[in-house]
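One letter stands for each residue in the lines below.
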Amino acid sequence: MLKEFQEFISKGNVMDLAVGVIIGAAFGKIVDSLVNDIIMPIVGAIFGGLDFNNYFLGLSPNVHSATLADAKKEGAVFAYGSFITVVLNFLILAFIIFLMVKAVNNLRKRLEREKPAAPAAPPPADVQLLTEIRDLLARR
């Protein structure tokens, strides 16, 4: 069983997947920072100057705080600002992945066009013989 596991891990696809997951996690942190530190403060300034993550509705009569962290301590809240931030984060990540896949597909298509065509395999001997007979009959 240990040997089978070692063979499974050493296959290229598993290693490629592991590298992809690690790079994806690091890339996700970059996008999180882009959204939380650059985009959302601008959106927050447009919509009232507050931190967009602190947009919430109190679902309990005990909620009176101005910040989401304090409001969660007081009772149930509907944190729509945090949700919008996460959705925006997802959309940016999905768009970037779309652009990367599109670029790879375009590169593959370009390489296919530039690749010289493989020489056609000669027809089987019986087809060659029939072709010669046809040509001889056509000359008569």
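Residues numbered from 1 in each chain as written. Predicted model: local features only at pLDDT ≥ 70, side-chain atom pairs only at ≥ 80, totals over all residues. Heavy atoms only, no water.

Helix and strand counts for the protein chain come out as five helices and two strands. The linear arrangement of helices and strands in the protein chain, starting from the amino end, is α-α-β-α-β-α-α. Over its C-alpha atoms the protein chain spans a radius of gyration of 31 Å, topping by over 25% the 14 Å that the globule rule assigns to 140 residues. The dimensions of the protein chain, computed from C-alpha atoms along their principal axes, are 105 × 50 × 25 Å. In the protein chain, which comprises 140 residues, the proportion classed as buried is 13%. Of the contacts made within the protein chain by residues no fewer than 6 positions apart, 37% connect residues no fewer than 24 positions apart. Accessible surface for the protein chain amounts to roughly 11,500 Å². Of this, 68% is attributable to carbon and sulfur atoms. (Helix = DSSP H or I, 4+ residues; strand = E, 2+ residues; numbered from the N terminus. Rg over C-alpha atoms; globule rule 2.2 N^0.38 Å. Buried < 20%, exposed > 50% of the residue type's maximum accessible area, 1.4 Å probe, protein only. Contact = heavy atoms within 4.5 Å. Areas by Shrake-Rupley, 256 points an atom, 1.4 Å probe, with all protein chains shown as cover.)

Bringing the side chain of S65 into the picture now. Structurally, the position occupied by S65 is in the loop between β1 (57-58) and α3 (68-74). Of the polar contacts made by the side chain of S65, one reaches the side chain of E74; its length is 2.5 Å. For S65, the residues in contact, after removing those within four places along its chain, are F56, D70, A71 and E74. (Polar contact = N/O pair within 3.5 Å; in protein donor to acceptor, adjacent residues only side chain to side chain.)

Turning our eyes to something else, we now look at a nonpolar patch on the surface. On the surface, L2, F5, F8, I9 and M15 cluster together into a nonpolar patch covering about 530 Å² of accessible area. With four residues, helix α1 (residues 2-10) is the largest single contributor of residues to the nonpolar patch. Note that F8 resides in helix α1. (Patch = residues over 30% accessible without salt bridge, like charges linked within 9 Å, V, L, I, M, F, W, Y side chains within 5 Å. Salt bridge = Lys/Arg side-chain N within 4 Å of Asp/Glu carboxyl O.)

Let us now look at helix α4 (residues 80-114). The α-helix winds at 3.6 residues per turn, so residues separated by three or four positions along the chain end up facing the same way. In a regular helix each residue adds 1.5 Å, so 35 residues correspond to 51 Å; α4 covers 51 Å between its end C-alpha atoms and thus fits that length. Burial in α4 covers these residues: G81, T85, N89 and I92. (Expected span 1.5 Å × (residues − 1).)

Membership of the largest hydrophobic core is limited to six residues, which are V31, V35, M40, F52, Y55 and I92. The element contributing the most residues to this core is helix α2 (residues 12-46), with three residues. (Core = buried A, V, L, I, M, F, W, Y, C linked by side-chain atoms within 4.5 Å.)

For the rest of this paragraph, the subject is the pattern of salt bridges. Within the structure shown, the criterion is met by two salt bridges. Across the salt bridge formed by E114 and R110, the nearest N and O atoms sit 3.9 Å from each other. Residue E114 and its partner R110 are both found in helix α4; the two are separated by four residues, about one turn of the helix. Where R134 meets D135, a salt bridge forms, and the shortest distance between an N and an O atom there is 3.1 Å. We classify D135 as partly exposed; its relative accessible area is 31%.

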